[in-house]
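# Survey of secondary and tertiary structure
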Amino acid sequence: MEQIKNIYCIEGLMADSNSYLIDNTDSDSEYNYILVDTGTGESKGYLYAQLEEIGIKKDDIDLVVNTHCHYDHVGGNDFFPNAKVAVHKDDAKSLMDPDSAYNVSALFDSKIRRCDVDIELEEGDEIAGLKVLNTPGHTHGGICLYDGEVLICGDTIFANGGVGRMDIGGDPNDMKASLMRLKDLDVEYLLPGHGPWVKNGNEHIKMSCMMMGIR
Ligand SMILES: [Zn+2]
Ligand SMILES: [Zn+2]
């Protein structure tokens with residue numbers, strides 16, 4: 001399994017988002033093992049097996065961070081009973097309401113099983129040395145996590161030039177503004193919610209900007 005600094009990259013199966021396990025044991029934070037996104041919840045055995053490969057059991061995960069409220073990123077939250085759940089405040093409501101159209105579970109013909117939110121994130125919060133950036137466009141409360149080198153970007157952008165859908169609770173103008181922000185960062189490793197994680201993140205951000213007509 002690929003490891004970038006203290007982050008293990010777990011490829012999503014089928015419709016699942018990628019998951020990123022942050023080993024935070026070197027810090028004095030109360031959270032030792034943080035899982036960013038949990039997939040649709042249809043690949044429990046796979047996700048557990050991937051974590052076991054790193055030497056981590058489901059009960060070791062003490063914090064789940066969701067990059068946004070979509071079903072393919074939050075559906076597996078209930079796999080981690082000891083974990084608190086953190087999501088940006090603007091996406092919290094859609095996660096807490098299983099019937100909300102904004103969590104798009106209906107698109108997956110399913111329903112979110114774990115709907116509690118323990119921590120409502122805001123711009124500027126910090127998780128394991130990564131700063132929370134609110135990057136709306138795909139959803140209002142979409143976040144990226146950034147430490148000056150790594151950008152975990154959810155469905156805001158993807159490798160090789162791509163942006164998340166804007167027709168399921170997003171907004172193209174917000175997306176443009178978010179891309180303008182990301183363009184000014186110095187990103188070596190881009191870790192998106194789907195598809196490959198890549199080096200030379202800046203180049204991939206530029207490609208996504210070009211797609212949206214931003215130079
Ligand atoms: Zn997604
Ligand atoms: Zn999404």
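Everything below is about the structure printed above this text.
Residues numbered from 1 in each chain as written. Chains lettered and ligands numbered in written order. Predicted model: local features only at pLDDT ≥ 70, side-chain atom pairs only at ≥ 80, totals over all residues.

### Let's talk about the overall build of the protein chain
Short version of the rule: Every helix listed is a DSSP run of H or I at least four residues long, and every strand listed is a run of E at least two residues long, numbered separately from the N terminus. Atoms counted for the radius of gyration: C-alpha only. Globule rule: 2.2 Å times the number of residues to the power 0.38. Exposure is read from a count of other C-beta atoms within 10 Å of each residue's own; the residue is exposed at 12 or fewer, buried at 20 or more and partly exposed in between. C-beta atoms are placed from the backbone. Residue pairs qualify as contacts under a 7 Å threshold applied to their C-beta atoms, which are placed from the backbone.
A count of helical and extended segments in the protein chain gives 5 helices and 14 strands. The C-alpha radius of gyration of the protein chain comes to 16 Å, within 12% of the 17 Å expected for a compact globule of 215 residues. Overall, the protein chain is about 45 × 40 × 30 Å in size when its C-alpha atoms are taken along their principal axes. Put simply, the protein chain has 215 residues, and 48% of those count as buried. For the protein chain, contacts bridging at least 24 residues in sequence account for 58% of all contacts bridging at least 6.

### Some details on the packing of helix α4 (residues 172–183) against helix α5 (residues 201–211)
Applied cut-off: Between N-to-C directions, angles span 0 to 180 degrees; the directions come from axes that are lines fitted to C-alpha atoms, helices contributing only their stretch in contact. With respect to orientation, any angle under 35 degrees is reported as roughly parallel, any angle over 145 as roughly antiparallel, any angle of 65 to 115 as roughly perpendicular, and every other angle as oblique. Handedness of a crossing is defined here by the sense of rotation of the near helix relative to the far one, left-handed for an anticlockwise turn of less than a right angle and right-handed for a clockwise turn. Note on residue classes: Ala, Val, Leu, Ile, Met, Phe, Trp, Tyr, Cys and Pro are nonpolar, Asp, Glu, Lys and Arg are charged, and everything else, Gly too, is polar.
Running from amino to carboxyl end, α4 crosses α5 at an angle of 155°, the nearest separation of the two axes being 10 Å. For the element pair α4 / α5, the angle class is roughly antiparallel. Here the hand of the crossing between α4 and α5 comes out left-handed. Contacts from L179, L182 and K183 of α4 reach α5 at I205, K206, S208 and C209. Split into classes, the residues belonging to the contact of α4 with α5 amount to 4 nonpolar, 1 polar and 2 charged.

### Regarding the nonpolar core
For soluble globular proteins, nonpolar side chains are generally found buried alongside one another. Cut-off, in case you're wondering: In plain words, the nonpolar core is the set of buried Ala, Val, Leu, Ile, Met, Phe, Trp, Tyr and Cys residues that C-beta atoms within 7 Å link up.
Of all hydrophobic cores here, the largest spans 55 residues; its most connected members are Y20, L21, I34, L151 and I152. Once residues within four sequence positions are removed from consideration, I34 is found in contact with I22, N24, L63, V65, I127 and A128.

### Some details on the sheet that holds strand β5 (residues 63–65)
The cut-off we apply is this: Criterion used throughout: strands pair if DSSP finds at least two bridges between them.
One open sheet accounts for 7 strands, arranged β1-β2-β3-β4-β5-β6-β7; its pairing is mixed. Unpaired on one side and paired on the other, β1 (3–4) and β7 (119–121) mark the two borders of the sheet. Two elements, strand β3 (residues 19–23) and strand β4 (residues 33–36), share 4 bridges in a ladder whose sense is antiparallel. Residue pairing in the sheet places Y20 in a bridge with V36 of β4.

### Focus: the pairing of strand β6 (residues 84–88)
Which entries qualify depends on this criterion: Whether a crossover is right-handed depends on one test, that the path from the first strand over the helix to the second runs clockwise when the strands point away from the viewer.
With 4 of 5 residues buried, β6 lies mostly within the body of the structure. The sheet contact formed by β6 and β7 spans 3 bridges and is parallel. For H88, the partnering residue across the bridge sits in β7 and is L121. Crossover connection from β6 via helix α3 (residues 89–96) to parallel β7: handedness right-handed.

### Considering the sheet that holds strand β10 (residues 143–146)
In space, the 5 strands of this open sheet follow the order β8-β9-β10-β11-β14, with mixed pairing throughout. Whereas interior strands pair on both sides, the edge strands pair on one side only; in this sheet they are β8 (126–127) and β14 (189–192). By the bridge criterion, 4 bridges tie strand β11 (residues 150–154) to β14 in an arrangement that is parallel. Residue pairing in the sheet places I152 in a bridge with L191 of β14.

### Some remarks on α3
Listing the buried residues of α3 in full gives D91, A92, S94 and L95. In this fold, the buried residues of α3 make contact with α2 (71–74), β6 and β7.

### Re the environment of V163
Relative to the assigned elements, V163 resides in strand β13 (residues 162–163). Judged by the 21 C-beta atoms lying within 10 Å of it, V163 is buried. Between the C-alpha atom of V163 and that of Q50, which follows or precedes it by 113 residues, the distance is 27 Å. When neighbours within four sequence positions are excluded, V163 is seen to be in contact with T156, I157, M175, S208, M211 and M212.

Geometry only, nothing functional implied.
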